[in-house]
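Working through the structure, step by step
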Amino acid sequence: MRILGIDPGLNTTGYGLLQAQGQRLHYQSSGAIRIPRGPLPERLRVLFEGVTTVARESGADVAVVEIVFVNVNPQSTLLLGQARGAAIAALTAAGLPVVEYTALQLKKAVVGHGRASKQQMQQMVTRLLALPGEPGPDAADALGLAICHAQNRATVGALQRAGALPGVATGTQAFGEAGNLDASALRGMRVRRGRLLG
């Protein structure tokens, strides 16, 4: 499975592409889309077109984007939300299913704790993917999102094979007894004796 991580921003949008083969992750590419200053609609257009190009050229099977929460500055949050919306629209227009994770889930998956710094993310992404050098912070976050999804997918797959989650599919689809339950709904849920506790 090819997983495309996108870290949206109005100045720089990072991207990272991985090939997941079982537990093994293979780096494919990463980089950043630079967005020139100017009126917001024009910046969103550049972001949309850039993500569309990356998505189409990547050959990805799924895209991963970070969930944004309100931070100290509400105006910054609104602007970031618009950048995120443009990125998600570009990904879906390119025909990719989109999976979302919080910053806490991302940092826990890559570094092991939810308060990791940008530098720690860069170092761990470099180590996990055996890269010859550190990617930029935006590309590192995008690669981290791809790593997070690969790990989540592997965990759900292992639970399925163990019979703990009958009928649940990873990603954005769900089948069988679990009804509309998907991988995003499984986050934080516990399993005991093959039963989902919630």
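Only a predicted model underlies this, so the values are computations on that prediction, with no experimental measurement involved. Here the residue numbering is sequential within each chain, running from 1 through the sequence in written order. With the structure being a predicted model, the display of local features is reserved for residues of pLDDT at least 70 and the display and counting of side-chain atom pairs for 80 or more, all residues being used for whole-chain, interface and lining totals. Only hydrogens and water are set aside; all other atoms, that is, all heavy atoms of the structure, feed into the side-chain values.

1. A word on the nonpolar core
By size, the foremost hydrophobic cluster in this structure holds 23 residues, and its most contacted members are L4, I6, L47, V51, L91 and L96. Broken down by secondary-structure element, the contributors of at least two residues to this core are β1 (2–7), β2 (12–21), α1 (40–58), β4 (62–66) and α2 (74–93). Each helix corresponds to a stretch of at least 4 residues labelled H or I by DSSP, and each strand to a stretch of at least 2 residues labelled E; elements are numbered beginning at the N terminus. It is α1 that contributes the most residues to this core, 6 residues altogether. In what follows, a contact means two residues having at least one pair of non-hydrogen atoms within 4.5 Å. Apart from the residues lying within four places of it in its own chain, the contact partners of L4 are Y15, G16, L17, V54, A55, S58, A60, V62, A63, V64, L91 and L96. Counting residues in each nonpolar core, the second largest holds 19 residues, with L18, V99, L143 and A150 among its members. Only buried residues count toward a nonpolar core. Its members are Ala, Val, Leu, Ile, Met, Phe, Trp, Tyr and Cys residues joined through side-chain atoms within 4.5 Å. Here the term buried applies to any residue with accessible area under 20% of the maximum for its type, exposed to any over 50%, and partly exposed to those in between, with areas from a 1.4 Å probe on protein chains only.

2. Things to note about the pairing of strand β5 (residues 98–101)
DSSP calls a pair of strands paired once it identifies at least 2 bridges connecting them. In this sheet, β5 lies alongside β4 in parallel orientation, the contact comprising 4 bridges. Counted as the bridge partner of A63 is V98 from β5. Crossover handedness is defined by viewing with both strands directed away from the observer: a clockwise path from the first strand over the helix to the second marks the crossover as right-handed. Handedness of the β4-α2-β5 crossover: right-handed.

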